[in-house]
Amino acid sequence: MTTIRRFVCDDLFKFNNINLDYLTETYYLPFYLQYLSKWPSLLSMAEDVNGKPMGYMIGKAEGEGINWHGHVTAVSVAPEFRRIGLADRLMHILEEGSEKIYDGYFVDLFVRKSNTLAINMYTKFGYSVYRTVIGYYSGDEDALDMRKALPRDVEKKSIIPLKHPVYPTDADL
Amino acid sequence: MSNKLSGIYSALDSGNNKQSLKLCNALLTKKKDENTNIVKVLKAITLIKLGENEEAIKCADEVAFIGHYNETLLSNLNYFYKSVQQGYKMTKVYEASVKAYPKNENLAEGLFLAYAKVRDYKQQQQVILDLQKNFPSHQHSLWYLMTILSMVHDNPSNQLFIGLSQKLAEKLVEEGKIKTSEHLYMYETVLDIQGKTSEHLNLIKGKLGELYNVATERLKILGDLNQKLGNHQEAANNYSEILTKYEPDEWSCYMGYFDNIWSLNDISKIDDAKQFIQNIQSQQTSKHLLRGPLLAEIEIYYRLLTTTTTANGNPAANIDGPVFNKFIELILNYFTKFGTKPVLYSDLKKYLQFIETKKSIEQRKEIMDRIYKLVSLDKDEANHISQLSNYHKLSRVLGLQLEMSIEESIKIIKEILEEYQYNTKKFPLAIESERYPGDDLILICHFLLMDQYEKTKQVSLLLESAAILEFAHSISTKNYQFNLYLLSLYFELGAHQLASNHFKILNIKNIQYDTLGHLVADQFIREPTCFSNAINAFEKSAKFYNENESTADYVAACYQNGCYSKITEIQKFQVKVANSFQKSVYETERQLFNFMLIRFKKLPNANFTASQFVEICKSQISSTDPINFDCSNEVLNALSFNHDNTIFDKFNPTTTSNSDSIKQVENQIQGITSLYFENTEKSTLLLQLTYRRQILNILYLISTQSPIDLNQFNQLLISLESTTTKLNSINSHKIDNLTRISTLNNFKLLNLILNLLKEFNEEKLKQVKELLELINNEITEIVKVLSDNIRESVVLGNSLNSLSRSSRMVVSSFIEPITWFSFIALLVNSALPGKRAKKKEEYHTTIRTDLETLVKKLSDDSLNLSNIINEKSLSKLSLTEDDNNKSTILETLNTQSIAKNVSENSIKSVTELQEYLNSMKTLLTFSINNTNNTTNA
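Residues numbered from 1 in each chain as written. Chains lettered and ligands numbered in written order. Predicted model: local features only at pLDDT ≥ 70, side-chain atom pairs only at ≥ 80, totals over all residues. Heavy atoms only, no water.

In the annotation of an unreviewed UniProt entry, chain B is listed under the name N-acetyltransferase, non-catalytic subunit and assigned to Dictyostelium discoideum. Regarding chain B, the UniProt comment filed under Sequence similarities (unreviewed entry) reads as follows: "Belongs to the MDM20/NAA25 family." (UniProt positions renumbered as here; feature names shortened; annotations may be inferred.)

Identification of chain A as N-alpha-acetyltransferase 20 from Dictyostelium discoideum is taken from UniProt. According to its UniProt record, chain A has this under Function: "Seems to be involved in N-acetylation." Its UniProt record gives chain A a comment under Sequence similarities, which states: "Belongs to the acetyltransferase family. ARD1 subfamily."

Draft legend 1. Spotlight on helix 5 (residues 116–124) of chain A. Residues and elements named next belong to chain A. Along helix 5, the positions that sit buried rather than exposed are Ala118, Ile119 and Tyr122. Take helix 5 and look down its axis: the buried residues cluster within an arc of 100°, on one side only. Seen from the open side of helix 5, the exposed residues pointing more than 90 degrees away from its buried face are Asn120 and Lys124. Where helix 5 is buried, its residues contact strand 4 (69–77), helix 4 (86–100), strand 5 (106–112) and strand 7 (141–149). Once helix 5 finishes, glycine 126 follows within two positions and takes phi at roughly 100°, a positive value. (Buried < 20%, exposed > 50% of the residue type's maximum accessible area, 1.4 Å probe, protein only. Helix = DSSP H or I, 4+ residues; strand = E, 2+ residues; numbered from the N terminus. Arc of directions from axis to C-beta. Contact = heavy atoms within 4.5 Å.)

Draft legend 2. Looking closely at the packing of helix 15 (residues 251–263) of chain B against helix 17 (residues 291–306) of chain B. Residues and elements named next belong to chain B. Two elements in contact, helix 15 and helix 17, have axes separated by 11 Å at closest approach and are oriented at 30°. Between helix 15 and helix 17, the angle falls in the class roughly parallel. The two elements helix 15 and helix 17 meet at a crossing, and its hand is right-handed. Between helix 15 and helix 17, the contacting residues are Trp251, Tyr254, Met255, Phe258, Asp259 and Trp262 on the first element and Gly292, Pro293, Leu295, Ala296, Glu299, Ile300, Arg303 and Leu304 on the second. The residue makeup of the contact of helix 15 with helix 17, split by class, is 10 nonpolar, 1 polar and 3 charged. (Axes fitted to C-alpha atoms, helices over the stretch in contact; angles between N-to-C directions. Parallel < 35°, antiparallel > 145°, perpendicular 65-115°, else oblique. Left-handed = near helix turned anticlockwise from the far one by under 90°. Nonpolar A, V, L, I, M, F, W, Y, C, P; charged D, E, K, R; others polar.)

Draft legend 3. Broad picture of the sheet that holds strand 4 of chain A. Residues and elements named next belong to chain A. Strand order in the open sheet formed by 7 strands is 1-2-3-4-5-7-6, with mixed pairing between adjacent strands. Unpaired on one side and paired on the other, strand 1 (3–6) and strand 6 (128–137) mark the two borders of the sheet. On average, each strand axis in the sheet is inclined to that of its neighbour by 25°, with strand direction left out of account. As defined by bridge partners, strand 3 (residues 53–62) adjoins strand 4 across 8 bridges and the pair is classed as antiparallel. Looking at the pairing, lysine 60 lines up with histidine 71 of strand 4. (Pairing = 2+ DSSP bridges.)

If you want it as structure tokens, here you go:
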């Protein structure tokens, strides 16, 4: 079973079963500390009944004016804990924080265009493609910028898809 | 930014440090202008990149403390001082700046934050008072409270500051300055520190509690506080509200709810709880079935079986009664619902471990029979393999696999592998990044083989297991569990490069060097084939530990961002990394490793004299970062063990003693060959670290001092002797004990001879003679044990001992200490008058002759050891001819080729070891022959 709580510094000592998975990056220390010291409520850790880490969410709040929003930086679930709806719960917590604590207009995330599994998953969570960002992943691959409107965006303007793809330099990231 | 400066920045960015230095110097020769100071700082940054630390610090210090307001310059200075581990100087930088520009608020804040980073609370308090006076603001009031709270955390018994923090918090509330939950957190902490739980509860219930505007967060705090106050019914209500309204799947709330219900000591309440859980269950749809409500019901029955609700101290329910039957029913039902998910094991583990300790083997078998009936037997059904996988994991945790005979195990392994092969063909892995659903079955095969290996020590079982894991790894290429177990197996088999390859796939980075470095540290530092990996690990880990210099910047960031809840947490984390045990091990071993390797690396082109050689060794030692080789209790007790020992998936019962055999074998041989082990007492690990540091201190002293301070040397010997005695009493392995004693005697010999040369007397000469003889005998004994060990360890044959351990022993008990000895011999030889010197005495000649005899003996010993290893590798390493190596499990498995790989790989390791042994002769000969141009040490 799952318990979700805020991510704490000491989780960095314990998150190896998640990070040894080859798609999950272990960033250098300041990366995590920058997030923890600015958006502590947007980082969550899920643990199983025995206290073993299952997955985590690293998010932030950013943007100007009506572009003020919550952003999913990394969400990762250890291989043995996949397909039990964990990512959904972690996303929900980020959305709730983005809405209630940060009062954002929407939540967004970037995903590799080729990662259909993830794209389908986010679609199921209510996200839709807002735009394509050309060569976002080291110039090799395009990203899809997917968004979900929050209640503050009453008319759901933030998720009206752009007609044309953008380059990373033009995208207000 | 001026063009001139941007040229320097771009040179630095592109790593063109020489160009950067040129540009800086060119600008600095010109007339002073507004850029001069910043250029100096950039020059200092350039110099550290060029390795000129001392000059760099001098250069920066020249301009740092004259007062600045330029933010770029200040942030460059901060960057610079962090890189040279002198971040504390930033307080001086800001002190000067505030003095020069007292009206600048940014600088005043900078000074406050500089003190916050170095945790100089007293100064922090002084500065915040000034800040509030000169630049009053909402933020500064909050900083003041946090400063006082930090002082309270630092000294929890200081009533003055506790009282002050209470007053400050109340004032902030009155003035309406508590505006976010991060502000409120400080007030909550003030109350918690004083144990004012009911005040805390009222606070959260009240208006300010609404600052927690995510409903579940507030309810969890209420639940926790109510529980602490003994308001169990209220607490249970808080948790049940979360479960019914918001989070029906949040396990901590189920547990919080149950803990409080049980604390009520009222059996009728437990009936209510049953009803409550059933209500939640009934609201579920089969489409999105949640695990929480179903597992919660199992938990109720588990609690009835394990906890008391009555006064007589017995569990509420009988282990053989209907409650237990219901408990099993629910577990079976859970398997029906979630038997296809790998998470099932971790959900049920606690309950199965309970059953394992309470029920007979027959009863447990019967339970597993019932579970087996729930497994889909249709091989063409996609879920079949996942359920089967869970079935075997549960069977293992119930302890049903431990007593199996080899025939039973092999039968299961065969079945599993056939299923796995069939299934992977039928349902190929759709996405490469995922695990194959039956992967855990492969781990079960590995565990079954390890159970048997534990009994028979047949190395062929290790090979079979490697073949199975390699096979599965070729199908499910991203399952790192396979890499982890193969890594252990190959190290055990002496195939170090194969092991290193699997380590590389794990791609560990940054903080993982701290938490996972212990997986390989021993082998990397002790196996000649892995030496380059060791250097890599030293460098990568050092880079990570340097990163921690920046951690304090995020304490400052917390103040600036208003994230007060993270300040203490980040500070504690910073200390844990800075005081990491693994860090101390790396730093100590890195120096010892340099000490050993430099001799081998430099000698092949040994056209230099002994004194030049000594100089080279000295420069190597002093050029590495100066570290604190402190062995005081204060330092040792503060060390933090950050190792992550949970990454290997295991499905073991709690009562097992003979599973996980590799780790066990490792524990049996711990001693000076090992630097860290999972199950070792911390006190032993600390003693081991002390021992290594004391040796380092001696090596450092004798190689950098000239003349050597004999009193200081003697003090170090006394400490080493004391640690040696302690370690030898804990660890009874003959070879380890001998090595420690002989190492101690080697250093004693040097000390004694130097004393003798200073002031001759017959008694000392006699002692020298005795010591020489003692060392001679000890080394003979060490070589004998090593030789026996190598001979007996039928490499990859039928013995417990594989060569991996023997080679590690050869390094730790022979190559390493004898390398140190060669340095001792060199120093003694240099200290004695030259062979042709006119002014010499008879005893000089005697000592020289005796020393030469000993060195000659060591040379011969090296060659002997090398020859014994050679015979071994010629005679027994041939695996393919051994009947045992034909796979007894599955013909399709490529055990033969794995055996061949392992064999070739271990020969490589052995050859490299031999090369080191062979070059010891050169090393030792050099240490006594090269006296012509020496100066006295």
